[in-house]
Amino acid sequence: MSDSMTIGLIYGSIRQGRFCDTVVNWVLSELWAESGVRVVLVDPRVLREQPETADAIKQTIEEADAFIVVTPEYNHAYPGALKELIDSCYEPWHAKPVGFVSYGGISGGLRAVEQLRLVFAELHAVTMRDSVAFANAWALFDAQGNPFKLEPARASLFLMLRRLKWWAATLKKARDVRPYEQAA
Ligand SMILES: Cc1cc2nc3c(=O)[nH]c(=O)nc-3n(C[C@H](O)[C@H](O)[C@H](O)COP(=O)(O)O)c2cc1C
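Residues numbered from 1 in each chain as written. Predicted model: local features only at pLDDT ≥ 70, side-chain atom pairs only at ≥ 80, totals over all residues. Heavy atoms only, no water.

Let's shift gears to the site of the ligand. In the region of the ligand, 17 residues are neighbours, and S13, E73, Y74, Y103 and G105 sit closest. One of the backbone N or O atoms of E73 is found 2.7 Å from an oxygen atom in the ligand. For the ligand, an oxygen atom lies 2.6 Å from a polar atom in the backbone of G105. A class-by-class count of the residues in the shell around the ligand yields seven nonpolar, six polar and four charged. (Near = heavy atom within 4 Å. Polar contact = N/O pair within 3.5 Å; in protein donor to acceptor, adjacent residues only side chain to side chain. Nonpolar A, V, L, I, M, F, W, Y, C, P; charged D, E, K, R; others polar.)

Written out as structure tokens, the structure is:
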């Protein structure tokens, strides 16, 4: 593939005062120096508050080669607004890789991630086995918004990213070829 790719970085929470901002900002700061990667933010809060943006959001998802979903866990699941965003389009998800950064209480959001894998399978998307999970997340970030244990978090993120980029490059070439030009 060409040496440039677009990653859609997706917020999972729409709550006012969401911790999601801290985690998204950290991921963004880590991806900032990644060569050949452009990051676009996708926020389900925008879709919820301004439904007329649905077409523009669909276009953003269409133009992305890969996604990283930053999701919390609420009652053992991912937030409803994230599902609204995912359900707002269909083909733009096809044959693209999805990685996860999760956070929450004791589970670190892993149960939400496991459920999202089922959802993305229905959309012909490929989820990355490797993810980043922050258990009891609010105690893990310093005042600057960096994880206290930065290196292990970075190592997990970049392992996932390396594989995400491989899938993105591979699927970008393959997407126009059967059976994904008209996936049902
Ligand atoms: C109603 C409610 C249910 C929650 N359920 C879980 C849960 O099942 N597992 C978990 O790990 N954390 C749980 N949490 C903790 C949230 O994941 C945590 O508050 C997180 O910061 C929420 O994300 P946000 O601040 O970005 O909205 C729950 C929090 C609330 C308020």
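When strand 1 (residues 5–11) meets strand 2 (residues 37–42), the two strands line up parallel, connected through six bridges. By the bridge assignment for strand 2, I10 is matched with V42. (Pairing = 2+ DSSP bridges. Helix = DSSP H or I, 4+ residues; strand = E, 2+ residues; numbered from the N terminus.)

Right, let's get into the nonpolar core. Ranked by internal contacts, the top residues of the largest apolar core, which has 27 residues, are I7, W26, V27, I68, V70, V101 and F134. Every element with two or more residues in this core is listed here: strand 1, helix 1 (20–31), strand 3 (66–72), strand 4 (97–104), strand 6 (132–135) and helix 6 (150–174). Among residues more than four places away in sequence, those in contact with V27 are L9, V70, V101 and L157. I57, Y78, L82 and A125 belong to the second largest nonpolar core, which has 23 residues in total. (Core = buried A, V, L, I, M, F, W, Y, C linked by side-chain atoms within 4.5 Å. Buried < 20%, exposed > 50% of the residue type's maximum accessible area, 1.4 Å probe, protein only. Contact = heavy atoms within 4.5 Å.)

Along the chain, R175 falls in the segment after helix 6. One polar contact links the side chain of R175 to the main-chain carbonyl oxygen of A95, over a distance of 3.0 Å.

The next point concerns the packing of aromatic side chains. Counted under the stated rule, the structure contains eight aromatic pairs. Considering the side-chain rings of W93 and F120, the 5.5 Å spacing of their centres and the 70° angle between planes classify their relative orientation as edge-to-face. One end of the pair, W93, is in the loop between helix 4 (80–87) and strand 4; the other, F120, is in helix 5 (residues 110–122), and 27 residues separate them in sequence. Like F120, W93 is buried. Look at W166 and W167: their rings are 5.3 Å apart centre to centre, the planes differ by 85°, and that puts the pair in the edge-to-face class. On the basis of relative accessibility, which here comes to 51%, the residue W166 falls in the exposed class. Assessed through its relative accessible area of 30%, W167 is described here as partly exposed. Grouped by ring-pair contacts, the aromatic residues F19, W26, Y103, F134 and F141 constitute a single cluster. (Phe/Tyr/Trp six-rings, centres within 6.5 Å; stacked < 30°, edge-to-face > 60°.)

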